[in-house]
Amino acid sequence: MTAVTRAQTDPSSRGQYADRLDPELWDYIDEVNSWYPPEILAASIAEQRAIYDRMCVAFHQGHPEGVTTSDGLVTTAAHAIPIRYYRMAHNTAAAIIVYYHGGGFVLGDLDSHDDICAEICVGTGFEVVSAGYRLAPEHLHPASYDDALAVFEWVAAASTLPIVLCGESAGGNLAAAVAQATRRHERHAVGQMLIYPELGGDETGRSYVQHAEAPLLSVSDIEFYRGIRSAPGQSQDDPTFSPLRDHDFSGLPPTIIVTAECDPLSSDGEVYCDRILAAGGHAWWREEKRLVHSFLRARPTVPRAAEAFARIVADVHALGAATKR
């Protein structure tokens, strides 16, 4: 895959995960850490982004046959938001997906998750609009949320297709916040898929404690990204920052949350699902066993990740193809 020197994890340092994770997944973890080691958080943001971008290029799988893309801008009063539009040639889509990439609100862009969006487009047959929202620390909260909302509103105005919100990690936070803000919009989403989302959960929760030092994402990493995104005096109770801090979970679209077992964020998905159900909504939470945060990028080489991704694509299709609008 790459020409870099692999930084193999010392088996004696793998702790509770030594036998819990498949060898193929450890190979993936080692590959990620050889590109983007945990200590990279001490580097400048510019250096972190440059290394992350190179890693994303190395992992990129190209586009499946039949998908076409075009780049554009969603213009607001203050600035323009980059978007990438995916569609299947010679195909009439039944729905459109608004996709928000991961990266801790600090990393990532239209290119970092480009192949994932292309595969979701082909796997569902739906159109996909990927949002290149503004990043911290140059743009603190609510910049990323404002951009996420603006892209949703643009899609709602530009397309008549049913809208499915989809976000991964930090993007899951944005998707949930947009769903909550637009739940009574005339063109509200018909469903949302949240993939190992960061939702502002309580760090005393189950997975935060059990998987505080999980491979590829630790509780200290989560705290770093939350802190760097925060504006001065930012309230953790703001639901546009922490969707789990909302006081009303009614009226949300059918929601599927997929988390990784060995990820401190897994409890966020579980709690979010429970709150939607308690409010009378429809929600499903699935914890993918023996996987870690960012497993979507492992789908080409890790069978468990490939199977989990296939389930996600099928779920997104089911959300968009539902007859009840």
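In this convention, every chain numbers its residues from 1, walking through the sequence in written order. For this predicted model, a pLDDT threshold of at least 70 governs which residues receive local features, and a threshold of 80 or more governs which side-chain atom pairs are given and counted, while totals over whole chains, interfaces and linings are taken from all residues. Side-chain measures here rest on the full set of heavy atoms in the structure, leaving out hydrogens and waters.

Caption draft 1: Expanded view of the pairing of strand β8 (residues 283-292). In this analysis, strands are considered paired if DSSP registers two or more bridges between them. Secondary structure elements are taken from DSSP: a helix is a run of H or I of four residues or more, a strand is a run of E of two residues or more, and numbering for both begins at the N terminus. Here 7 bridges tie strand β7 (residues 255-262) to β8, and the two strands are oriented parallel to one another. Residue Cys262 lies in a different strand from β8, and its bridge partner there is Val292. Handedness rule for crossovers: strands pointing away from the viewer, path from the first strand over the helix to the second running clockwise, crossover right-handed. Taken together, β7, helix α8 (residues 266-278) and β8 constitute a β-α-β crossover, and its handedness is right-handed.

Caption draft 2: The nonpolar core, seen in detail. Among buried residues, those of type Ala, Val, Leu, Ile, Met, Phe, Trp, Tyr and Cys that are joined through side-chain atoms within 4.5 Å constitute a nonpolar core. Partly exposed describes any residue whose relative accessible area lies between the buried limit of under 20% and the exposed limit of over 50%, with all areas from a 1.4 Å probe on protein chains only and scaled to the type maximum. Counting 61 residues, the largest nonpolar core has Tyr36, Met193, Phe295 and Leu296 as its most contacted members. For Phe295, the residues in contact, after removing those within four places along its chain, are Tyr196, Val258, Thr259, Ala260, Glu288, Ala305, Ala308 and Ile312. Ranked by size, the runner-up nonpolar core spans 41 residues in total, among them Tyr145, Ala170, Val178 and Ala179. Contacts are assigned to residue pairs with any non-hydrogen atoms lying within 4.5 Å of each other.

Caption draft 3: How the structure looks around unusual backbone geometry. The peptide bond linking Ala136 to Pro137 adopts the cis configuration, its omega dihedral lying at 0°. Here Pro137 is to be found in the loop between β4 (127-131) and α4 (143-158). Between His141 and the following residue, Pro142, the backbone shows a cis peptide bond with an omega angle of 15°. Considering the arrangement of structural elements, one finds Pro142 in the loop between β4 and α4. The backbone of His90 shows a phi angle near 60°, a positive value even though the residue is not glycine. Not every positive phi belongs to a glycine, and Ser169 is a case in point at roughly 60°. Structurally, Ser169 is set in the loop between β5 (163-168) and α5 (170-181).

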